[in-house]
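Structure assessment
Next come the chains, spelled out residue by residue.
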Amino acid sequence: MLVDAHIHLGMFDDIPNVIKKSSQSNIQLCQVGINLEESSSLLKLFENNHLKVGTVPVFVGIHPWYGQNHNFDETLFLELLKSPYVVGIGECGLDSKIEYPLNQQIKLLEKHLDLASKFKLPVNLHIRGCHGDLIRTLKKYQGKVTGIIHNFTFSYEIAKSYLDLGYVLSIGHHILMGQDKHNEVIKKVGLDKILLETDLDYEHTGPYDPSLLKNEYDYLSRLLNLKIEDIENTLQTTFEKVIRK
């Protein structure tokens, strides 16, 4: 089975159809929330449609892009964490390209990490720029919180900082650009520390297309000169380890 380690299923207008199409394509989706209200609505839809637990693992959290407009409602957050569909916390993190002050972003991130530490849940982390700030923050929780670094495009030196903290790196559509530097870092990181994702969300990417993830798996297979079955099995094992810690 193919694993899409990061998709914003809650932003699609026909969620049951996306789940159906992914299942038909042998893809397991991992839903990553952008705010608590969205996650609450999605979980209610899962319950009302009697979706089998484990079909779509869910991370709940507040994306830094939405941090200024969505309060960290701890009561609601704790209620969401009780759902059997929820396996982790996110999307949360830091972004140097938005107006939301970085010191406030860090405070919001630490609230997520505090809950992840308390409940022993993995996190799904957004990072754009300010790697130093994120790494310093994560070091405070070293040994207590791990998870996934979303949209990995950076150098091996930065990648190693996250790997040393116990995180795995999730690669998106950038892999299909075939950039030599990116390819070399992927090879150096190694297959057992990698996941693949689409980051599809409808608003920015349009209707769900399962071919994107398939193309990423095919590219990784060719890049590492491994059978697609070996890629599938290794990435599925890595993902299961992340969400079952």
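Residues numbered from 1 in each chain as written. Predicted model: local features only at pLDDT ≥ 70, side-chain atom pairs only at ≥ 80, totals over all residues. Heavy atoms only, no water.

**A closer look at a negative patch on the surface**
Inclusion rule: Each patch is built from residues that are more than 30% exposed by relative accessible area and take part in no salt bridge. Like charges join if they lie within 9 Å; nonpolar side chains (Val, Leu, Ile, Met, Phe, Trp, Tyr) join within 5 Å. Accessible areas in this description were obtained via Shrake-Rupley with a 1.4 Å probe; residue shielding takes into account the shown protein chains only. A side-chain nitrogen of Lys or Arg and a carboxyl oxygen of Asp or Glu constitute a salt bridge if their distance falls within 4 Å. Positive charge is attributed to Lys and Arg, negative charge to Asp and Glu, and no charge count is given to His or to the chain ends. Charged groups are reduced to one reference atom each: NZ for lysine, CZ for arginine, CG for aspartic acid, CD for glutamic acid. Note on conventions: DSSP H or I runs of at least 4 residues are helices, E runs of at least 2 residues are strands, and numbering of each starts at the N terminus.
A cluster of acidic residues, Glu37, Asp73, Glu74 and Asp114, forms a negative patch at the surface. Note on placement: Asp73 falls in the loop between strand 3 (58-60) and helix 3 (74-81).

**Let's talk about the packing of aromatic side chains**
Note on aromatic pairs: each is described by the distance of the centres and the angle between the planes. The condition that has to hold: Between rings of Phe, Tyr and Trp, where Trp is taken as its six-membered ring, a pair exists when centres lie within 6.5 Å; planes separated by under 30 degrees are stacked, by over 60 edge-to-face, and by other angles tilted. Type-normalised accessible area, obtained with a 1.4 Å probe on protein chains alone, sets the label of each residue: buried when under 20%, exposed when over 50%, and partly exposed for intermediate values.
A full pass over the atoms with the stated rule returns six aromatic pairs. Ring centres 5.9 Å apart and planes at 55° place the aromatic pair Phe12 and Tyr202 in the tilted group. On the criterion of sequence distance, the pair formed by Phe12 in the loop between strand 1 (2-7) and helix 1 (15-24) and Tyr202 in the loop between strand 8 (194-196) and helix 8 (211-224) is long-range, its members being 190 residues apart. Of the residues examined, Phe12 reaches a relative accessible area of 6% and is grouped as buried. Pairing Phe72 with Phe77 gives two aromatic rings, centres 5.2 Å apart and planes at 40°, and the pair type is tilted. Like Phe72, the residue Phe77 is buried in the burial classification. Here the aromatic cluster, defined as three or more aromatic residues joined through ring pairs, consists of Phe12, Tyr202 and Tyr208.

**A word on the sheet that holds strand 1**
Spelled out, the test is: A strand pair is defined by DSSP finding two or more bridges across the two strands. For helices, the axis comes from a line fit to the C-alpha atoms of the stretch in contact; other axes are also lines fit to C-alpha atoms, and the angle between any two N-to-C directions lies between 0 and 180 degrees.
Spatially, eight strands are ordered 1-2-3-4-5-6-7-8 in an open sheet, and the strand pairing comes out parallel. With one partner strand each, in any of the chains shown, strand 1 and strand 8 form the two edges of the open sheet. For this sheet the average axis-to-axis angle between neighbouring strands, irrespective of direction, equals 25°. Sheet topology note: the strand 1/strand 2 (residues 27-32) ladder contains four bridges and is parallel. Residue pairing in the sheet places Ile7 in a bridge with Gln31 of strand 2.

**Considerations on the packing of helix 7 (residues 180-189) against helix 8**
Selection rule: Angle categories: roughly parallel below 35 degrees, roughly antiparallel above 145, roughly perpendicular from 65 to 115, and oblique for all the rest. By the convention used here, residues are in contact when the closest approach between their heavy atoms is within 4.5 Å. The nonpolar class holds Ala, Val, Leu, Ile, Met, Phe, Trp, Tyr, Cys and Pro. Asp, Glu, Lys and Arg form the charged class, and all remaining residues, Gly among them, are polar.
The interhelical angle for the contact between helix 7 and helix 8, taken along N-to-C directions, is 75°, at an axis separation of 11 Å. With respect to each other, helix 7 and helix 8 are oriented roughly perpendicular. Here helix 7 contributes Asn183, Ile186 and Lys187 to the contact with helix 8, which in turn contributes Tyr219, Leu220, Leu223 and Leu224. Residues that form the contact of helix 7 with helix 8 fall into these classes: five nonpolar, one polar and one charged.

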